[in-house]
Amino acid sequence: MFRLKVAADKCTGCRSCETACSLAHEGACLPDLGRIWIDFADHDTKFSPKICRQCRRPRCAAACPVGALEALPEGGARFIVEKCVECGSCVSACPFHYLRLSHDGVPLICDLCYGRPDGPACARICQEGAIIAVESPEPAEQGKRTEAKGDANQ
Amino acid sequence: MRGGYMGKILRVNLTHGTAHSEPTDPEMARDFIGGRGFVQKILYDEVPVGANPLGPDNKVVVAPGPLSGVFMPSSGKVQFGAKSPATGIMGDANMGGHFSVEIKYAGYDAIILEGMGNRPSVVVIDDDKVEIVDGSKYWGKGSSVAEKMIKDDLGEDFQIAIIGPAGENMVNIACVSHDYGRQAGRCGIGAVMGSKKVKAIAVRGSQSVPLADPEKVLEYGKKMFYGCFEKPGFREWTPLGTPGVTPWVNEVGAFPTKNFSTTYFDDHEEIGGEALKERIWLTDKGCFCCPTPCGKYSRTTVGKKSAYVEGPEYETVALLGGNCMLSTIEEVAYANYVCDELGLDTISGGNVIGFALECAERGIITEEQIGRSVKWGDIDSFVYLAEKIARREGIGDILADGVKVASEKFGQGSERFAIHIKGLEWSGYEARWAPAMMLAYMTCDIGAHHNRAWAITYDVAKGRESTEGKAAKVIELQRIRPSFDLLGCCRLQWVEIGFEFDYYPVMFEAVTGRKITEKELYDATDRVWNLTRTRAFLELPDFSRASDYPPARFYEEPIPTGPAKGKLIKKEQLDEMLDDYYELRGWDENGTPTRETLEELGLETCIHDLERAKIL
């Protein structure tokens, strides 16, 4: 089980992480579809990668009126696309202003690249050390995530 | 066209204030690949011979490549081209950052700016929605100041290509800037944008690059990144970036110093990569998907003045440092900041100001003409001259045309030390004791530029006295390096950390679905090379073998000081190399492409045009 950590001072703003993520999850080369994104709001040099904190009690899931986001025991949420009504409540609920929508209006939920042999794509591609995947100390219950991502991870 | 191409080219007419898109020509994609290939092909076909570079008939073509925006190392290069006001032949320049990829995401393989507006404007491209908006409030502002204003007005997610006051005033050495410190510097493309009254192009897109085989792209893209990480140079080269090479260039006696009068700068340790990293560096700044960020964002303080600036990269260190003798990294970075804000190419800017300082020292131009006393290594003199040039005031109005025109106007033997070829000022490698590098500058299709063939390492490795085999090596490099310009990605991983070229054709196939060999890629670069050469003969009645020679300083004055003291390549040696080069290129003794060569490359149009001009 991984956790992602960010060292914003090491980020160079190259967007490799965003592009790796969009390709891994959407089969698209378009940084806007990344589940990770870099905040360029301070213009020049302050690049700040935004990642999902995998909250223990995810507000995004609590805010979802139709149960399209399901809180996971190990933290974070699982997204069930069929149920989503594209209301954006989850985005407003995210206390870290991290969560964003795809162009189709569905939330871009980080699954920590569950099941990928080389771990989260964003962290593996960032050699600057701005995004680091660390092993989570406690054993996690991964049942639901496995079930949800069964096909994608073969 | 299965993948890699967006399938559309955007045409913006400034005269009529209209914009529409056209399908990308699949034959052009097949033969010219993209990027610089598209730029030069479109210019060749659409700009009439003899067009005034600063008139309505000239066009600015901006093109990413088929690999731009794809998940792989450094896939974010964009090419800018136009008929150059500095050289009178077709020019181009490239830059990194995020502009290239945003053009792709907006759905275009190229953007063509044509006609001429009569009011300052900004071309705003938001996917299919294209508007030419009033740019009056940004006009006159410095590049990064105006870039920030535009981002504040339109949104942070727009990527901006912008000109400074130098471009607005149609200074021949004006660049196009982006992302607060990336420049497409060469050939005065900024002046052409200025002539069209286009302050900036702002782009935002939301479309993915089509991929023939997305899974292969992911798998192979990762492989390419991991391949870079494993190179020893990855850790060694990246921390200092391009200025890290400064001590080596001095040791081998090739550092432009005091307007190229000598090749070793005593204070080089004060202006190189180490000094940058220790004294002014704040953070690395990477272009799109770059694993080896060469952008070194810095804060510099000189006296009471202080500035944030990206860079200086090696060329700036060489031309503003050595060539104008600014002897601390703080001063070089400050001068870099001044050029960036004014929108001056630091390579040509360092040449022109070095030339002016030498003219002043020799009494060719007087204190009265200049308006104050100026001296080598003085930051105030530098800033004064840069501002005069960018605003075309006083002596600056003459210097703004570049060293070629300025030396013709000043006369008095100043042509000897006006360091240019074909009207384009020399970049950061003094080549009096580097025959292959010299030949690379002589034969570069836009003028004295290093990026088509950085051959100096070959000279150092294989012997610097001999001209043997140098032409073949230069041509080899002129095929590999421009391949990156066609593909729309950066060459620095290949150049600096030894990343293998073999990866690129494989990635090209995964992205586009078209199998391509290295040979086919090199043929495409040859096609561009012969197209630009043909066009030069058509544009300039006196274009000939003589256009390929460096200024007299470079074959008549031995290097006076430093490790290369006494060294010189003689004119006969230059002739030998040119003879070899023309033969290997399939050109005649005057450097004109032969009928057979053009036929082989499928450039029938060029044959027809040369025949009509009675050159062939």
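Computed from a prediction, not measured in an experiment: that's the story for all the values here. (Residues numbered from 1 in each chain as written. Chains lettered and ligands numbered in written order. Predicted model: local features only at pLDDT ≥ 70, side-chain atom pairs only at ≥ 80, totals over all residues. Heavy atoms only, no water.)

So what about the overall build of chain A? Which residues, and what values?
Scanning chain A from terminus to terminus reveals 5 helices and 6 strands. N-terminal to C-terminal, the α/β element order of chain A is β-α-β-β-α-β-β-α-α-β-α. Looking at chain A residue by residue over its 154 residues, the buried ones come to 50%. The long-range fraction of contacts in chain A, counting pairs at least 24 apart against all pairs at least 6 apart in sequence, stands at 55%. Counting only carbon and sulfur atoms, one obtains 50% of the accessible surface of chain A, whose full area is about 7200 Å². (Helix = DSSP H or I, 4+ residues; strand = E, 2+ residues; numbered from the N terminus. Buried < 20%, exposed > 50% of the residue type's maximum accessible area, 1.4 Å probe, protein only. Contact = heavy atoms within 4.5 Å. Areas by Shrake-Rupley, 256 points an atom, 1.4 Å probe, with all protein chains shown as cover.)

Help me get a handle on the nonpolar core, residues and values and all.
Soluble, globular proteins show a tendency: their nonpolar side chains are buried together. Residues and elements named next belong to chain B. By size, the foremost hydrophobic cluster in this structure holds 175 residues, and its most contacted members are Leu-344, Leu-399, Trp-426 and Tyr-504. Among the elements that make up this core, the one with the highest residue count is helix α24 (residues 518-539) (9 residues). Setting aside residues up to four positions removed in sequence, Tyr-504 forms contacts with Met-72, Met-224, Phe-484, Leu-487, Cys-489, Cys-490, Gln-493 and Phe-499. Ranked by size, the runner-up nonpolar core spans 32 residues in total, among them Val-60, Tyr-108, Ile-125 and Ala-184. (Core = buried A, V, L, I, M, F, W, Y, C linked by side-chain atoms within 4.5 Å.)

How would you sum up the packing of aromatic side chains? Please name residues and give values.
All names here are of chain B. Counted under the stated rule, the structure contains 31 aromatic pairs over all chains. By way of ring pairs, the aromatic residues Tyr-220, Phe-484, Trp-494, Phe-499, Phe-501, Tyr-503, Tyr-504 and Tyr-522 are connected into one cluster. In this structure, Lys-216 is placed above the aromatic ring of Tyr-220, and the distance from its NZ or CZ to the ring centre is 5.6 Å. (Phe/Tyr/Trp six-rings, centres within 6.5 Å; stacked < 30°, edge-to-face > 60°. Lys NZ or Arg CZ within 6 Å of the ring centre and 35° of its normal.)

Hey, could you go over the interface of chain B and chain A for me, with residue numbers and the actual values?
Taken together, the contact pairs 38 residues of chain B with 30 residues of chain A. The contact between chain B and chain A buries some 2600 Å² in all, and 62% of this surface belongs to carbon and sulfur atoms. It is Phe71(B), Glu156(B) and Tyr226(B) in chain B that bury the most area against chain A; as a group they hold 19% of the surface buried on that side. Summed over the shared surface of chain B and chain A, the result is 1 salt bridge. For Lys222(B), the salt bridge goes to Asp118(A), with nearest N and O atoms at 3.3 Å. At the surface where chain B touches chain A, the tally comes to 7 residue pairs in polar contact (both at pLDDT 80 or more). Where the side of chain B that touches chain A is concerned, the elements lending two or more residues are α3 (99-105), α4 (143-154), α7 (214-230), α8 (232-237) and β13 (281-285) of chain B. In terms of residue class, the side of chain B that touches chain A is made up of 20 nonpolar, 9 polar and 9 charged. (Buried area = accessible area lost by both parts, 1.4 Å probe. Salt bridge = Lys/Arg side-chain N within 4 Å of Asp/Glu carboxyl O. Polar contact = N/O pair within 3.5 Å; in protein donor to acceptor, adjacent residues only side chain to side chain. Nonpolar A, V, L, I, M, F, W, Y, C, P; charged D, E, K, R; others polar.)

Outline the sheet that holds strand β14 (residues 295-302) of chain B, listing residues and values.
Residue and element names in this part refer to chain B. A sheet is described by the order of its strands in space; here 3 strands give the open sequence β13-β14-β15, paired in antiparallel fashion. This sheet does not close on itself; its edge strands, each paired only once, are β13 and β15 (305-310). Taking the axes of each pair of neighbouring strands and ignoring which way they run, one obtains an average angle of 15° across the sheet. For β14 and β15, the ladder comprises 6 bridges, and the chain directions are antiparallel. Bridge pairing links Tyr-297 to Glu-310 in β15. (Pairing = 2+ DSSP bridges. Axes fitted to C-alpha atoms, helices over the stretch in contact; angles between N-to-C directions.)

So, the environment of Ala386(B): which residues are in play, and what are the values?
Residue and element names in this part refer to chain B. The residue Ala-386 is located in helix α16 (residues 379-390) in this model. Taking relative accessible area as the criterion, Ala-386 reaches 0% and is therefore assigned buried. Sequence separation between Ala-386 and Gly-135 is 251 residues; the distance between their C-alpha atoms is 24 Å. Those residues in contact with Ala-386, other than ones at most four positions away along the chain, are Val-338, Leu-342, Leu-344 and Ile-353.

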